[in-house]
Each structure stands twice: as structure tokens, then as C-alpha cells.
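Okay, here's what each chain looks like letter by letter:
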Amino acid sequence: QVQLVESGGGAVQAGGSLRLSCAASGRTFSSYGMGWFRQAPGKEREFAAAITWNGGSTYYADSVKGRFTISRDYAKNTVYLQMNSLKPEDTAVYYCAVDRRRNLSDRYYFPAEYDYWGQGTQVTVSS
């Protein structure tokens, strides 16, 4: 069992930045792929970014590419999502998730491919 706790959300103006953190319990954190998803009111949960177990590969949704960066700190068992140049359409609850496959599923962009989820953190971007 893996427990995930997100933090770092908040309210920011368009053009601003936030860094989300996802702290994971368990000694096998370094063996798992990790992902960030987001869900806006009335919409389905959508993929934002993912990273393989060793950080060797990262993946991004087209909507965030060039603005968001996913990274991981093995000493802290934490995955980060650095979000720059934020837009009002980035407003959502952001969730981190674990994929027990080291190199992620080929369908890393599908929420159903992930095994554990955090409780989410709210990000609100005003224009």
C-alpha cells in the first residue's frame, strides 16, 4: 500500500507559478512510475505529466508542455510539479498517482492505469 499526500496548491494570478509536491510513503517509491492529473469542475480527470521510476523519461500533456516540469527527489520520497506561466484554464484539483510499473504503462495518460492516488490539491488561477 502506498499513501500519497499532495501539497502546494493555492490561488495565483495568470502568469504566476506554483510548485506542487506529492509525498509518498513506503520504501518502494523509487521503483514506481508517477503521474500528475487534474480535474476541473464538471470535467473528467485529465493527464498532466508523468515520470518513470528513474526519472529517465518524462511525459507531458500538450496543454502543459513547455510550462510544467515533473521531477522527483528520492531522498524525500517526493514528486514535484513545477507550474510556470499559469493560465486560468489550469484551474483544477491536481492529483498525484502511482503506477507500480517502473516505466509506466504505454497508456500513461489514462487514469485507470494508476494504482494509488492522493487526495488532491486545489489550484486556482485568476485572470
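Before any of the text, the structure's been laid out above.
Notes on the structure in this doc start here. Predicted model only: the values in this text are computed from it and were never measured.

Before going further, it helps to spend a moment on the side chain of R38. Secondary-structure assignment places R38 in strand β4 (residues 33-39). Take R38: its relative accessible area is 6%, and that puts it in the buried class. A polar contact is formed between the side chain of R38 and the side chain of E46, at a distance of 2.6 Å. One polar contact links R38 to Y94, side chain to side chain, over a distance of 3.0 Å. Once you skip the residues sitting within four places of it in the chain, R38 turns out to touch E44, R45, E46, S63, V64, F68, E89, D90, A92, V93 and Y94.

In this section: the pairing of strand β3 (residues 18-24). By the criterion of burial, β3 is predominantly enclosed, with five of the seven residues buried. Taken together, the four bridges between strand β1 (residues 4-7) and β3 define a ladder with antiparallel strand orientation. From the neighbouring strand, V5 faces β3, where its bridge partner is A23. Bridge count between β3 and strand β8 (residues 78-83): six bridges; the pairing is antiparallel. What sits directly across from L20, in β8, is L81.

You can see G33 is positioned in strand β4. In this structure G33 comes out as buried when scored by relative accessible area, which is 0%. Each C-alpha atom of the pair G33 and S57 lies 9.8 Å from the other, and the pair is 24 residues apart in sequence. The contacts of G33, once residues within four sequence positions are left out, are I51, T52, W53, R72, A97, V98, D99, R101, R102 and L104.

Moving on, we come to the packing of aromatic side chains. The relative placement of two aromatic rings is captured by the distance of their centres and the angle of their planes. If you walk through the whole model with that rule in mind, you get ten aromatic pairs. Aromatic side chains F37 and Y114 sit 5.1 Å apart centroid to centroid with 80° between the ring planes, which places their arrangement in the edge-to-face category. Placement of the pair is F37 in strand β4 and Y114 in the loop between β9 (92-99) and β10 (116-117), with a sequence separation of 77 residues. The same class applies to F37 and to Y114, which are both buried. An aromatic cluster is built from F37, F47, Y59, Y95, Y108, Y109, F110, Y114 and W117, whose rings are joined through pairwise contacts. Against the face of W117 rests R45, its NZ or CZ located 4.8 Å from the ring centre. The lysine or arginine in question, R102, covers the ring of W53, its NZ or CZ lying 4.3 Å from the ring centre.

Conventions used here
Per chain, residue numbering runs from 1 following the sequence as it is written. Where totals are concerned, whole chains, interfaces and linings use all residues; where local detail is concerned, this predicted model gives features only for residues with pLDDT of at least 70, and gives and counts side-chain atom pairs only at 80 or more. By convention in this description, side-chain values take in all heavy atoms of the structure and omit both hydrogens and water. A helix here means a DSSP run of H or I that spans at least four residues, while a strand means a run of E at least two residues long, and both kinds are numbered starting from the N terminus. Each residue is assigned to one of three classes by its accessible area relative to the maximum for its type, calculated with a 1.4 Å probe on protein chains only: buried under 20%, partly exposed between the two thresholds, exposed over 50%. Identification of polar contacts relies on pairs of N or O atoms within 3.5 Å, with a donor-acceptor requirement for protein atoms, meaning one able to donate a hydrogen and the other able to accept it, and with residues adjacent in sequence counted only if both atoms are side-chain atoms. Any two residues having at least one pair of non-hydrogen atoms within 4.5 Å are treated as being in contact. For two strands to pair, DSSP has to find at least two bridges joining them. Whether two aromatic rings pair depends on their centres lying within 6.5 Å, for rings of Phe, Tyr and Trp, where Trp uses its six-membered ring; planes under 30 degrees apart make the pair stacked, over 60 edge-to-face, and the rest tilted. Either the NZ atom of lysine or the CZ atom of arginine qualifies as a charge over a ring when it sits within 6 Å of the ring centre and within 35 degrees of the ring normal.

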